[in-house]
4 protein chains.
Amino acid sequence: MPRKISYPLILVNLKSYREALGSRALAIARKALRVSEEYGVSIAIAPQIVDLRDVASTGVPTFAQHVDPVPPGSWTGHVTLEAVKDAGAIGVILNHSERRLRVSDVGRIVDMSRRYGLLTVVCGDMVDTAVALSLLKPTMVAIEPPELIGSGKAVSRVSPHSVAETVRRVRRVAAEVKVLCGAGITSGEDVRAALKLGASGVLLASAVAKAKDPGAKLGELARAVRDFIDRGG
Amino acid sequence: MPRKISYPLILVNLKSYREALGSRALAIARKALRVSEEYGVSIAIAPQIVDLRDVASTGVPTFAQHVDPVPPGSWTGHVTLEAVKDAGAIGVILNHSERRLRVSDVGRIVDMSRRYGLLTVVCGDMVDTAVALSLLKPTMVAIEPPELIGSGKAVSRVSPHSVAETVRRVRRVAAEVKVLCGAGITSGEDVRAALKLGASGVLLASAVAKAKDPGAKLGELARAVRDFIDRGG
Amino acid sequence: MPRKISYPLILVNLKSYREALGSRALAIARKALRVSEEYGVSIAIAPQIVDLRDVASTGVPTFAQHVDPVPPGSWTGHVTLEAVKDAGAIGVILNHSERRLRVSDVGRIVDMSRRYGLLTVVCGDMVDTAVALSLLKPTMVAIEPPELIGSGKAVSRVSPHSVAETVRRVRRVAAEVKVLCGAGITSGEDVRAALKLGASGVLLASAVAKAKDPGAKLGELARAVRDFIDRGG
Amino acid sequence: MPRKISYPLILVNLKSYREALGSRALAIARKALRVSEEYGVSIAIAPQIVDLRDVASTGVPTFAQHVDPVPPGSWTGHVTLEAVKDAGAIGVILNHSERRLRVSDVGRIVDMSRRYGLLTVVCGDMVDTAVALSLLKPTMVAIEPPELIGSGKAVSRVSPHSVAETVRRVRRVAAEVKVLCGAGITSGEDVRAALKLGASGVLLASAVAKAKDPGAKLGELARAVRDFIDRGG
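Residues numbered from 1 in each chain as written. Chains lettered and ligands numbered in written order. Predicted model: local features only at pLDDT ≥ 70, side-chain atom pairs only at ≥ 80, totals over all residues. Heavy atoms only, no water.

*Asks:* How do you make sense of the sheet that holds strand S3 (residues 63-64) of chain D when you look at a structure like this?
*Replies:* All names here are of chain D. The strand order across the open sheet built from eight strands is S2-S1-S8-S7-S6-S5-S4-S3, with neighbouring strands paired in parallel fashion. Each having just a single partner strand, strand S2 (42-46) and S3 make up the two edges of the open sheet. Where S3 and strand S4 (residues 91-94) come together, two bridges link them in parallel fashion. The residue bridging Ala64 from the neighbouring strand is Val92, located in S4. (Pairing = 2+ DSSP bridges. Helix = DSSP H or I, 4+ residues; strand = E, 2+ residues; numbered from the N terminus.)

Structure follows, in structure tokens:
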């Protein structure tokens with residue numbers, strides 16, 4: 001039963017990519033499961049909402065890419081925590097740079113998620129924001145400088161100081177909150193750099209979702225995590 | 001193959017109701033199929049996005065409750081036309097009073113929907129707005145005075161003039177656009193009133209989605225449509 | 001008393017330009033007054049909200065660049081019709097491509113503006129949108145293809161068909177609504193082209209607001225209007 | 001020159017109240033100046049944007065109620081830091097419960113404000129949010145439980161624990177950030193309670209803005225601050 005996650009975590013955001021929609025989302029999910037078992041490394045998938053239920057049913061740990069800050073009820077066209085929980089998700093990504101939330105809504109959703117037993121990954125664009133958001137007590141914060149998203153330049157290598165400082169400051173103000181490294185991660189090398197800086201995992205998207213061979217790419221990333229663990233973290 | 005719709009249409013919006021989520025959405029969809037066949041009346045379902053694929057796979061004509069005005073790509077947490085099409089929807093509801101869109105986005109999505117072969121139902125809150133939106137050439141406009149939504153008071157009975165005027169004016173400026181009656185519809189009597197005023201169908205939500213027996217309620221509505229057709233429209 | 005406008009109208013949007021803020025907004029307003037009197041051509045100014053009161057007090061016809069769809073009351077940080085009226089504005093620009101509104105809000109503000117005795121200029125990005133918005137009965141609609149805004153390429157010359165078709169279709173569905181030509185207008189030649197296509201004026205921004213000599217630029221535009229009128233429209 | 005503020009601070013938000021617009025905003029500003037001098041207590045005013053320049057010109061310390069997260073430029077209908085600075089404001093209120101901002105925008109505006117030499121008051125609705133926002137290093141955070149806003153029930157008396165905990169936790173993570181007490185404050189008694197809990201001032205609205213005699217009300221509040229100071233804080 002691989003639905004639980006452990007750290008270091010590889011969290012793959014499929015965004016609204018055509019290359020990772022429907023049957024292709026399922027194929028990536030199945031590869032993630034296989035690679036995860038092969039390397040003993042936790043891999044989770046955040047598919048498009050239309051694919052949430054099917055991806056979750058593969059057994060891969062599944063995250064929603066966003067939820068709206070509303071309860072069940074008269075909310076036409078919204079995505080609720082109730083719905084993503086019912087669909088089998090184990091967590092939600094919040095405040096991604098492509099889907100920003102108001103700060104009070106982040107707080108409200110994090111609180112509600114806890115009651116639903118859902119994990120939360122809150123994204124922040126700068127060190128200060130990421131640290132501030134950690135005080136809302138999500139499960140994880142992800143630091144994602146928007147200028148690096150999709151750039152192929154990993155925050156863990158271009159701006160190692162940001163990651164290290166976020167890790168250090170979050171540890172001080174909200175020690176139980178994990179820090180993910182989340183922009184421009186494309187290679188095992190980037191993953192290694194992130195983990196060395198103290199990150200508890202990576203949040204990435206196109207490198208896997210648009211890869212010619214997503215399974216091979218996931219293998220490369222998982223191997224980097226495995227090596228890091230084997231060398232004693 | 002009941003995936004096509006015809007007019008008069010009964011369009012059931014399941015909103016974010018807990019009572020109409022997951023397995024309960026599927027149950028309503030299956031009842032809609034059965035009632036639709038029994039009376040020879042078109043019934044379509046707009047489930048929550050997490051349920052879109054499963055509901056569509058029952059064969060019931062399925063609408064998304066909303067889509068975001070973005071193409072496939074780097075759009076974390078958005079719902080694209082590409083995704084709802086892939087999930088099996090035949091159409092989308094746009095600009096519902098609980099999910100308003102900017103006017104330029106309505107135009108853009110209607111145009112894109114046409115290319116995807118998706119039907120569009122654009123909601124408007126007043127006669128003027130509904131008529132204006134008909135000029136963007138959606139398949140249907142739905143007139144929904146917000147003060148009547150969920151009130152149990154049907155626009156077709158409380159404000160028949162609004163419906164008749166919308167029908168008359170839309171016919172003049174955009175003759176091919178159908179008009180749905182959409183607020184407070186709860187009974188066969190309300191449906192009959194709407195059709196007599198020239199509406200091509202109804203858009204309703206809680207009366208079915210929160211009914212103790214959604215199948216019986218759908219039967220009542222479909223019977224009203226059937227009677228109307230049999231008397232020669 | 002030049003506070004009333006007449007057609008053809010030159011409406012100058014100062015946006016949030018630093019070059020047209022505070023004392024520089026006032027200087028442009030005074031030049032507009034002078035040029036307006038010299039050529040007998042109507043010129044109105046839409047300054048930043050902080051400058052609304054001072055610009056209006058010069059006597060130049062003054063428009064707000066935007067208002068929020070809320071009444072007076074507990075609305076921290078909003079701009080109400082009540083406030084822009086109190087500040088001396090005679091009208092408001094709505095739904096500019098840089099400040100889009102939801103379609104129902106456009107309808108609501110247009111209706112409220114009428115009660116305040118305020119004129120309304122509603123922007124639309126495509127022919128269909130502009131025609132649709134004319135049905136909400138604003139005083140004017142402005143057609144502004146976003147790709148031409150700030151481009152220096154005038155819609156009246158690059159896409160004359162759009163303007164002519166908007167004029168023709170608005171005349172048919174909402175004859176009393178005036179059409180402004182509003183993207184990329186920079187020269188007297190552009191103004192002339194707009195008026196020949198049937199537009200009742202132009203909406204422009206940087207060509208005046210960022211001009212080295214805004215008075216000279218306004219003179220060039222007003223002269224084009226004057227010539228057009230003198231030749232019998 | 002009373003443009004500088006000191007602590008404890010009384011910050012009066014005039015919202016979009018008709019009772020505090022235009023000439024009535026000016027009258028309140030002048031009374032604030034007089035009371036401030038009489039009691040030696042700092043009072044600042046946050047008027048509607050159309051009144052910003054005139055209110056600032058009275059010499060009263062003036063705050064904008066909101067600014068948009070955009071630089072000067074092609075931003076029709078936005079309120080920039082450049083504009084409120086030019087109009088004479090010394091600070092801005094951000095993220096009021098009636099005008100929420102995305103968390104990344106709060107961070108960006110706080111940073112930009114520092115460069116403009118503008119003070120920042122960031123509102124938060126819960127203890128966690130207020131403490132989190134203090135990490136973005138605004139000048140002040142204001143804790144405003146939305147259910148108390150306009151209720152006449154002061155947070156400092158109904159929920160003293162919230163205030164005390166915010167003060168304590170902000171002191172720990174961002175010691176230089178001041179905490180204002182901001183919901184339901186209507187009397188000198190409420191002010192006293194807030195200051196005793198460690199707040200550096202109060203943010204209030206209707207109690208002054210809609211008072212029959214705003215000067216008398218301001219006197220009552222200033223007296224409470226004066227007494228608190230005289231008793232040695």
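After that view of the structure, there is still more to cover.
*Asks:* What is the right way to read the relation of the copies chain D and chain C from this model?
*Replies:* The two chain copies are connected by a rotation around an axis plus a translation along it. Superposition record for chain D on chain C: RMSD 0.0 Å, screw rotation 180°, translation along axis 0.0 Å. Considering both components of the superposition, the chain copies are consistent with a two-fold axis. In terms of proximity to the rotation axis, the leading residue of chain D is D:Val50, whose C-alpha is 2.6 Å off the axis. An overlap of 100% is found between the interface residues of chain D and their copies at the interface of chain C, pointing to a shared contact surface. (Least-squares fit on C-alpha atoms with pLDDT ≥ 70 in both. Contact = heavy atoms within 4.5 Å.)

*Asks:* Honestly, the interface of chain C and chain B in this entry has me stumped. Any pointers?
*Replies:* Interface size, as often reported, equals the accessible area lost upon joining of the parts. Listed per partner, the contact involves 20 residues of chain C and 20 residues of chain B. Interface area for chain C against chain B, summed over the two sides, is near 1,700 Å², with a carbon-plus-sulfur share of 65%. Measuring nitrogen to oxygen at the nearest pair gives 3.8 Å for the salt bridge that ties C:Asp125 to B:Arg108. Elements supplying a minimum of two residues to the side of chain C that touches chain B: helix H4 (103-116), helix H5 (127-134) and helix H7 (160-173) of chain C. Tallied by class, residues from the side of chain C that touches chain B come to nine nonpolar, four polar and seven charged. (Buried area = accessible area lost by both parts, 1.4 Å probe. Salt bridge = Lys/Arg side-chain N within 4 Å of Asp/Glu carboxyl O. Nonpolar A, V, L, I, M, F, W, Y, C, P; charged D, E, K, R; others polar.)

*Asks:* Quick question: what am I supposed to make of the packing of aromatic side chains here?
*Replies:* Each aromatic ring pair is specified by the distance between its two centres and by the angle formed by the two planes. The final tally for this structure, using the stated rule, is zero aromatic pairs over all chains. Against the face of C:Tyr7 rests C:Lys178, its NZ or CZ located 4.9 Å from the ring centre. (Phe/Tyr/Trp six-rings, centres within 6.5 Å; stacked < 30°, edge-to-face > 60°. Lys NZ or Arg CZ within 6 Å of the ring centre and 35° of its normal.)

*Asks:* Can you help me understand the interface of chain D and chain C in this one?
*Replies:* Listed per partner, the contact involves 33 residues of chain D and 33 residues of chain C. Here chain D packs against chain C, burying approximately 3,000 Å² in sum over the two surfaces, 51% of which is carbon and sulfur. Broken down residue by residue, the surface that chain D buries against chain C is led by D:Ser16, D:Val50 and D:Thr76, which jointly contribute 23%. Across the chain D-chain C interface, the total number found is six salt bridges. A salt bridge links D:Asp51 to C:Arg53; its shortest N-O distance comes to 2.6 Å. Between chain D and chain C we count 22 residue pairs in polar contact (both at pLDDT 80 or more) in total. Those elements that place two or more of their residues in the side of chain D that touches chain C are helix H2 (52-57) and helix H3 (81-86) of chain D. Across the side of chain D that touches chain C, the residue classes break down as ten nonpolar, 13 polar and ten charged. (Polar contact = N/O pair within 3.5 Å; in protein donor to acceptor, adjacent residues only side chain to side chain.)

*Asks:* How do you make sense of unusual backbone geometry when you look at a structure like this?
*Replies:* Residues apart from glycine generally show negative phi values, whereas peptide bonds are mostly found in trans. Omega for the bond connecting C:Tyr7 with C:Pro8 falls within 30 degrees of zero, at -5°, which places this linkage in the cis form. Its place among the elements puts C:Pro8 in the segment before strand S1 (9-13). One non-glycine residue, B:Lys15, lies in the positive phi region at around 45°. The topology assignment puts B:Lys15 in the loop between strand S1 (9-13) and helix H1 (23-39).

*Asks:* What is the right way to look at the packing of helix H8 (residues 188-196) of chain D against helix H10 (residues 214-230) of chain D in this model?
*Replies:* A pair of packed helices can be characterised by two numbers: the angle between their axes and the separation between those axes. Residue and element names in this part refer to chain D. For the pair H8 and H10, interaxial distance at closest approach is 8 Å and the crossing angle is 35°. Between H8 and H10 lies a crossing whose hand is right-handed. Counting all contacts with H8, which are made through Gly188, Val191, Arg192, Leu195 and Lys196, the residues of H10 involved are Glu220, Leu221, Ala224, Val225, Asp227 and Phe228. Per-class residue counts for the contact of H8 with H10 are six nonpolar, one polar and four charged. (Axes fitted to C-alpha atoms, helices over the stretch in contact; angles between N-to-C directions. Left-handed = near helix turned anticlockwise from the far one by under 90°.)

*Asks:* What is the right way to read the nonpolar core from this model?
*Replies:* Side chains that are nonpolar tend, in soluble globular proteins, to be buried together. Counting 308 residues, the largest nonpolar core has A:Ile10, B:Ile10, C:Ile10 and D:Ile10 as its most contacted members. Other than its neighbours up to four places away in sequence, A:Ile10 contacts A:Val41, A:Ser42, A:Ile43, A:Ala44, A:Val202, A:Leu204, A:Leu221, A:Ala222 and A:Val225. (Core = buried A, V, L, I, M, F, W, Y, C linked by side-chain atoms within 4.5 Å. Buried < 20%, exposed > 50% of the residue type's maximum accessible area, 1.4 Å probe, protein only.)

*Asks:* How do you make sense of the arrangement of the chains when you look at a structure like this?
*Replies:* The closest approach of any C-alpha atom in chain A to one in chain C is 16 Å; the two make no contact. There is no contact between chain B and chain D; across them, the least C-alpha separation is 16 Å.

*Asks:* Any chance you could explain the pattern of salt bridges here in plain terms?
*Replies:* Any two side chains of opposite charge can pair, given that their charged atoms come close. Within the structure shown, the criterion is met by 56 salt bridges over all chains. Two residues, C:Asp111 and C:Arg114, come together in a salt bridge whose shortest N-O distance is 3.3 Å. Of the two residues, C:Asp111 and C:Arg114 are both situated in helix H4; the distance of three residues between them amounts to about one turn of the helix. On the accessibility criterion, C:Asp111 (24% relative accessible area) is partly exposed. For D:Arg169, the salt bridge is made with D:Asp128, and the minimal N-O distance between the two is 2.9 Å. Taken as a pair, D:Arg169 in helix H7 (residues 160-173) and D:Asp128 in helix H5 (residues 127-134) lie far apart in primary sequence, 41 residues in all. Its relative accessible area of 11% is what places D:Arg169 among the buried residues.

*Asks:* Got a minute to help me understand a positive patch on the surface in this structure?
*Replies:* A surface patch of like charges, here positive, comprises A:Arg102, B:Arg102, C:Arg102 and D:Arg102. Looking at the element boundaries, D:Arg102 is found in the loop between S4 and helix H4 (103-116). Its relative accessible area of 41% is what places D:Arg102 among the partly exposed residues. (Patch = residues over 30% accessible without salt bridge, like charges linked within 9 Å, V, L, I, M, F, W, Y side chains within 5 Å. Areas by Shrake-Rupley, 256 points an atom, 1.4 Å probe, with all protein chains shown as cover. Lys, Arg positive; Asp, Glu negative; His and termini not counted. Charge placed at Lys NZ, Arg CZ, Asp CG, Glu CD.)

*Asks:* Mind showing me how you'd approach the environment of D:Glu98 here?
*Replies:* All names here are of chain D. Summarising the element assignment, Glu98 is placed in the loop between S4 and H4. Linking Glu98 and Lys15, residues 83 residues apart in sequence, is a C-alpha distance of 9.3 Å. In this structure the side chain of Glu98 is engaged in a polar contact, spanning 2.9 Å, whose partner is the side chain of Lys15.

*Asks:* Any chance you could explain helix H7 (residues 160-173) of chain A here in plain terms?
*Replies:* An α-helical turn contains 3.6 residues, so a residue and the one three or four places further along point in the same direction. All names here are of chain A. With 14 residues, H7 extends 20 Å between its outermost C-alpha atoms, agreeing within 8% with the 20 Å of an ideal straight helix rising 1.5 Å per residue. Among the residues making up H7, those that are buried are Ser162, Val163, Glu165, Thr166, Val167, Arg169 and Val170. Close packing links the buried residues of H7 with helix H5 (127-134), strand S6 (140-143), helix H6 (155-158) and strand S7 (178-181). (Expected span 1.5 Å × (residues − 1).)

*Asks:* I'm lost on the environment of C:Leu148 in this one. Help?
*Replies:* Residues and elements named next belong to chain C. Here Leu148 is to be found in the loop between strand S6 (140-143) and helix H6 (155-158). A relative accessible area of 8% means that Leu148 is categorised as buried. A sequence separation of ten residues divides Leu148 from Val158, and the C-alpha atoms of the two residues are 8.9 Å apart. Once you skip the residues sitting within four places of it in the chain, Leu148 turns out to touch Lys153, Ala154, Val155, Val158, Ala183 and Gly184.

*Asks:* Would you take a moment to explain the pairing of strand S4 (residues 91-94) of chain A for this structure?
*Replies:* Successive side chains on a regular strand alternate, one facing one side of the sheet and the next facing the other. Residue and element names in this part refer to chain A. Of the two faces of S4, the one holding Gly91 and Ile93 and the one holding Val92 and Leu94 are both buried throughout. Taking the sense of rotation as the criterion, the β-α-β connection linking strand S3 (residues 63-64), helix H3 (residues 81-86) and S4 turns out right-handed. Bridge count between S4 and strand S5 (residues 119-124): four bridges; the pairing is parallel. Paired with Gly91 across the two strands is Leu119, which belongs to S5. (Right-handed = clockwise from strand over helix to strand, strands pointing away.)

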